[in-house]
Amino acid sequence: MASMPGVLSQWPWKPLGSFKHVILAPWVIRHMYLFAVKGEKMNASYLILPFLLMRMVHNQLWVSLSRHRTAKGNNRIVDKGIEFDQIDREINWDDQILLNGVIFYVGGMVIPQANQMPFWRTDGVIITILLHMGPVEFIYYWLHRLLHHHYLYSRYHSHHHSSIVTEPITSVIHPFAEHVAYLILFAIPMLTTVFTGTASVVAYLGYITFIDFMNNMGHCNFEFIPKFFFSIFPPLKYLFYTASFHSLHHTQFRTNYSLFMPMYDYIYGTVDKSSDSLYHKSLARQEEVAHVVHLTHLTTPHSIYHLRLGFARLASIPESSTWYLWLLWPLTLSTVIFNWIYGRTFVLQRNRFDKLRLQTWVIPKYNLQYSMKWQNEAINKMIEESLLEAEEKGVQVLSLGLLNQGKELNRYGEIYIEKHPRLKVKLVDGSSLAAAVVVDCIPKGTTQLLFRGSLSKVAFAVAFALCKKGIQVVTTLEEDYEELKASIGTRHSNNLLLSKNYHLKTWLVDDKLSEEDQNKAGKGTLFIPLSQFPPKKLRNTCFYYPTPAMIAPSSIENVDSCENWLPRRVMSAWRAGGIVHGLEGWNVNECGNTIFDVDKIWQASLRHGFKPLYYNNY
């Protein structure tokens, strides 16, 4: 909220939390009753609910577009990022849509003629346009200046200005009282057309859609309007604002007060002198070239909603099953089909760590596809294309995340190095740091632990490091024992044991750990994952560490989403490993059977501010 919240700052339905949308239920039920029981003919009021839903979709499309463009970097305006505090502050962006819905429903009851609007009336559309250009824009300009008076600013408008780097939904983040003032202002054209009998469905819905469009566009952090738009008719610069024009209001505070038409700033001398230069500078900004790229992929079909290009709220919390996403199954299914046929690698996010530019790229493939051997060729082709694109762009390090670095898929990336031996970009699978995290999290005083998982590259590295430290690694399978023994060598193999002892209190596992195996463990057993994916089912009587991960340094900028199921500001060890390689400038690949010095990368990661993530219940 504002620094000194004023009267009516809080939204009335805030106590309802995530159930706030039920405030529309009485109105929707009433219309269903009138239609089904009373036989009322459909009128304009029946369009309210579909229109509210359309507005939500409209806003979400803007959010996704804006985040994608700013992640790539081209035409970006403010060269900064957003953080979780802004995400939390802007989580109620749909409150104003709910408020509009209630007002429309109540208005339809109080003003019956509002329900009998024709689809189109030319005079009503013209009146709406003229009233917006005149009274609405003029009054808004002075209301906005008034809101910047220290008394009102500290109690209301400062809440909106807490977001220096804006997103489309920043446009509607205001205290309740401020939204009421805007609602009254925007009602001028709509009520005028109703009372003069010139209202129409197109004028109403078109006007609100126009406001949404301009609000979203003006709060994007990339320049949207091309130069030729103003070249055709230069005076348009006084009638139509740009994202860069309004961004100056959020960075300078005392300039560019206009709603959508800058002419009032020009008339009253409050236009920022750098408006034109920032506009041209933003349009000229090229796509950002990253130093380090992390290559990941989709997980479940619903994971698209948990990406930062999806729903901002879901992206800002660890990924988990959400019941209402099943209501979107038609859209989910269509995205799966689209990705299967036409999917291309895309930029998900960008970060900055000191002078290092970081990006995350996503391959549009799902976990299920990685389990299908006939999909290996297509997946490898996409990974290879991403690697070559990174090489062409001058990327220094490309790290492989999740299932992009499987032994059966590509031998931990080795096949690409064999095929392209002259690559300058370094390919890192991150296994060394993942192994270091696992070794470091072994509880102090542990003398024996049980290994129960796949013999991955990380598993071999962890087993070797533990045996070297004098900790006995127990395995229950003879074939695993023989392979581990051959990998560890005779010098430390005496710390490798073959036994059926399932009662050890510390287990090294992966996501393939079966429920049957877990049930063999005693109460209070600690399970430590070696894989990027956690065990699928958990026991209430046992403890689980997270998958190997590191808490990101506070100096990493633009962290506004969670990495899969990990908590906020936490990175998988595989991703962090690539960043550390970039920071250190190590001119080596970590792929195939090659594993980097575990102790060296561990110390380097700590030196750069990464911290291990350990906690008891996952």
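A brief look at the structure comes next. (Residues numbered from 1 in each chain as written. Predicted model: local features only at pLDDT ≥ 70, side-chain atom pairs only at ≥ 80, totals over all residues. Heavy atoms only, no water.)

**Digging into the pattern of salt bridges**
Next up, step 1: Scanning the entire structure with this criterion turns up 26 salt bridges.
Next up, step 2: Arg-352 serves as the salt-bridge partner of Asp-79, at 3.6 Å between the closest nitrogen and oxygen. Taken as a pair, Asp-79 in the loop between helix 2 (48-72) and helix 3 (84-89) and Arg-352 in strand 2 (residues 346-353) lie far apart in primary sequence, 273 residues in all.
Next up, step 3: Using a relative accessible area of 19% as the deciding quantity, one classes Arg-352 as buried. (Salt bridge = Lys/Arg side-chain N within 4 Å of Asp/Glu carboxyl O. Helix = DSSP H or I, 4+ residues; strand = E, 2+ residues; numbered from the N terminus. Buried < 20%, exposed > 50% of the residue type's maximum accessible area, 1.4 Å probe, protein only.)

**What to know about the sheet that holds strand 14 (residues 570-572)**
Either a parallel or an antiparallel arrangement is found when strands of a sheet pair, and the pairing is made through backbone hydrogen bonds.
Next up, step 1: Taken in spatial order, the 3 strands line up as 14-12-15 in an open sheet, and their pairing is antiparallel. For this open sheet the edge positions go to strand 14 and strand 15 (611-612), each flanked by a neighbour on one side alone.
Next up, step 2: In this sheet, strand 15 lies alongside strand 12 (residues 549-551) in antiparallel orientation, the contact comprising 2 bridges. Bridging from a neighbouring strand, Ile-551 pairs with Lys-611 of strand 15. (Pairing = 2+ DSSP bridges.)

**Considerations on the state of the cysteines**
Next up, step 1: Taken as a whole and assessed by the stated rule, the structure comprises 0 disulfides.
Next up, step 2: Here Cys-467 is not disulfide-linked; the sulfur of Cys-441 is the nearest cysteine sulfur, at 16 Å. (Disulfide = S-S within 2.5 Å.)

**A few points about the packing of helix 20 (residues 431-440) against helix 24 (residues 573-584)**
Next up, step 1: Between helix 20 and helix 24, the least distance of the axes is 7 Å, while the angle of their chain directions is 120°. In terms of orientation, helix 20 and helix 24 fall into the oblique class. For the crossing formed where helix 20 meets helix 24, the hand is right-handed. Of the residues in helix 24, those touching helix 20 at Ser-431, Leu-433, Ala-434 and Val-437 are Ala-573, Trp-574, Ala-576 and Gly-577.
Next up, step 2: A class-by-class count of the residues in the contact of helix 20 with helix 24 yields 6 nonpolar, 2 polar and no charged. (Axes fitted to C-alpha atoms, helices over the stretch in contact; angles between N-to-C directions. Parallel < 35°, antiparallel > 145°, perpendicular 65-115°, else oblique. Left-handed = near helix turned anticlockwise from the far one by under 90°. Contact = heavy atoms within 4.5 Å. Nonpolar A, V, L, I, M, F, W, Y, C, P; charged D, E, K, R; others polar.)

**Here's the deal with the sheet that holds strand 7 (residues 472-475)**
Next up, step 1: Pairing within the open sheet is parallel, and its 6 strands lie in the order 8-7-6-9-10-11. A strand with exactly one partner marks an edge of an open sheet, and here the two such strands are strand 8 (496-498) and strand 11 (543-544).
Next up, step 2: By the bridge criterion, 4 bridges tie strand 9 (residues 506-509) to strand 10 (residues 526-529) in an arrangement that is parallel. Looking at the pairing, Leu-508 lines up with Ile-528 of strand 10.

**Notes on unusual backbone geometry**
Next up, step 1: The backbone phi angle of Asn-75 is positive, close to 65°, even though this residue is not glycine.
Next up, step 2: Residue position: Asn-75 is located in the loop between helix 2 and helix 3.

**So, a nonpolar patch on the surface**
Next up, step 1: A cluster of nonpolar side chains, namely Trp-329, Leu-333, Ile-337, Phe-338, Trp-340, Ile-341, Tyr-342 and Trp-374, defines an oily patch on the protein surface of about 950 Å² accessible area.
Next up, step 2: Topologically, Trp-340 is positioned in helix 15 (residues 329-342). (Patch = residues over 30% accessible without salt bridge, like charges linked within 9 Å, V, L, I, M, F, W, Y side chains within 5 Å. Areas by Shrake-Rupley, 256 points an atom, 1.4 Å probe, with all protein chains shown as cover.)

**Regarding the pairing of strand 9**
Next up, step 1: Alternating residues of strand 9 divide into Thr-506 and Leu-508 and Trp-507 and Val-509, and every residue in both groups is buried.
Next up, step 2: Taken together, the 3 bridges between strand 6 (residues 448-452) and strand 9 define a ladder with parallel strand orientation. Each bridged residue has a counterpart across the sheet, and for Phe-451 the counterpart in strand 9 is Leu-508.

**Some remarks on the side chain of His-58**
Next up, step 1: Tracing the sequence through the fold places His-58 in helix 2.
Next up, step 2: For His-58, the side chain forms a polar contact with the side chain of Trp-62, separated by 3.0 Å.
Next up, step 3: Residues within four places of His-58 in sequence aside, it is in contact with Thr-209, Asp-212, Phe-213 and Asn-216. (Polar contact = N/O pair within 3.5 Å; in protein donor to acceptor, adjacent residues only side chain to side chain.)

**Overview of the nonpolar core**
Next up, step 1: Counting 57 residues, the largest nonpolar core has Leu-433, Val-462, Leu-466, Leu-508 and Phe-610 as the members making the most contacts within it.
Next up, step 2: When contributions to this core are tallied by element, the ones reaching two or more residues are strand 3 (356-363), helix 20, strand 6, helix 21 (457-468), helix 22 (478-488), strand 10, helix 24 and helix 25 (598-607).
Next up, step 3: Take this core: its biggest share by element is 9 residues, from helix 21.
Next up, step 4: Leu-508 has contacts with Val-438, Ile-442, Leu-449, Leu-450, Phe-451, Arg-452, Gly-453, Val-462, Leu-466, Ile-528 and Leu-530, leaving out every residue within four places of it along the chain.
Next up, step 5: Ranked by size, the runner-up nonpolar core spans 52 residues in total, among them Ile-48, Ile-173, Tyr-182 and Met-217. (Core = buried A, V, L, I, M, F, W, Y, C linked by side-chain atoms within 4.5 Å.)

**Description of the environment of Ala-181**
Next up, step 1: Mapped onto the fold, Ala-181 is located in helix 7 (residues 176-195).
Next up, step 2: Residue class for Ala-181 comes out partly exposed when judged on its relative accessible area of 28%.
Next up, step 3: With 38 residues separating them along the chain, Ala-181 and Leu-143 place their C-alpha atoms 9.0 Å apart.

**What about the environment of Ala-44?**
Next up, step 1: Positionally, Ala-44 belongs in the loop between helix 1 (25-36) and helix 2.
Next up, step 2: On a C-alpha basis, the gap between Ala-44 and Ile-91 in space is 30 Å, while along the polypeptide they are 47 residues apart.
Next up, step 3: Filtering out sequence-adjacent residues up to four positions away, Ala-44 remains in contact with Ala-114, Asn-115, Met-117 and Val-201.

**Quick word on helix 5 (residues 122-147)**
Next up, step 1: The end-to-end C-alpha distance of helix 5, which contains 26 residues, comes to 35 Å, matching closely the 38 Å that a straight helix rising 1.5 Å per residue would cover.
Next up, step 2: Maximum bend of helix 5: about 40°, positioned at His-132, with proline Pro-135 one to four residues after it.
Next up, step 3: Those residues of helix 5 lying buried are Gly-124, Val-125, Thr-128, Leu-131, His-132, Val-136, Glu-137, Tyr-140, Tyr-141, His-144 and Leu-147.
Next up, step 4: As for helix 5, its buried residues are in contact with helix 6 (150-161), helix 7, helix 8 (201-218), helix 10 (243-252) and helix 11 (263-267). (Expected span 1.5 Å × (residues − 1). Bend = angle between axes of the 7 residues up to and from the residue.)

**A word on the packing of helix 20 against helix 25**
Next up, step 1: Contact geometry for helix 20 and helix 25: axes closest at 8 Å, N-to-C directions at 80°. Relative to helix 25, the element helix 20 is oriented roughly perpendicular. Residues Ser-432, Leu-433, Ala-435, Ala-436, Val-437 and Asp-440 of helix 20 form the contact with helix 25, whose participating residues are Val-598, Ile-601, Trp-602 and Ser-605.
Next up, step 2: Partitioning the contact of helix 20 with helix 25 into residue classes produces 7 nonpolar, 2 polar and 1 charged.

**Re the packing of aromatic side chains**
Next up, step 1: One pass over the full model with this rule turns up 31 aromatic pairs.
Next up, step 2: Relative to Tyr-46, the ring of Phe-35 has its centre 6.2 Å away and its plane inclined at 65°; by these criteria the two rings are edge-to-face. Of this pair, Phe-35 sits in helix 1 while Tyr-46 sits in the loop between helix 1 and helix 2, and the two are 11 residues apart along the sequence.
Next up, step 3: Judged by relative accessible area, Phe-35 falls into the partly exposed class, the value being 42%.
Next up, step 4: For Tyr-46, a relative accessible area of 15% gives the class buried.
Next up, step 5: Ring plane angle 45° and centroid distance 5.2 Å describe the contact between Phe-533 and Trp-565, whose orientation is recorded as tilted. Of the two residues, Phe-533 is situated in the loop between strand 10 and strand 11 and Trp-565 in the loop between strand 13 (556-557) and strand 14; the sequence distance between them amounts to 32 residues. (Phe/Tyr/Trp six-rings, centres within 6.5 Å; stacked < 30°, edge-to-face > 60°.)

Function-wise, these values are silent; they only describe arrangement.
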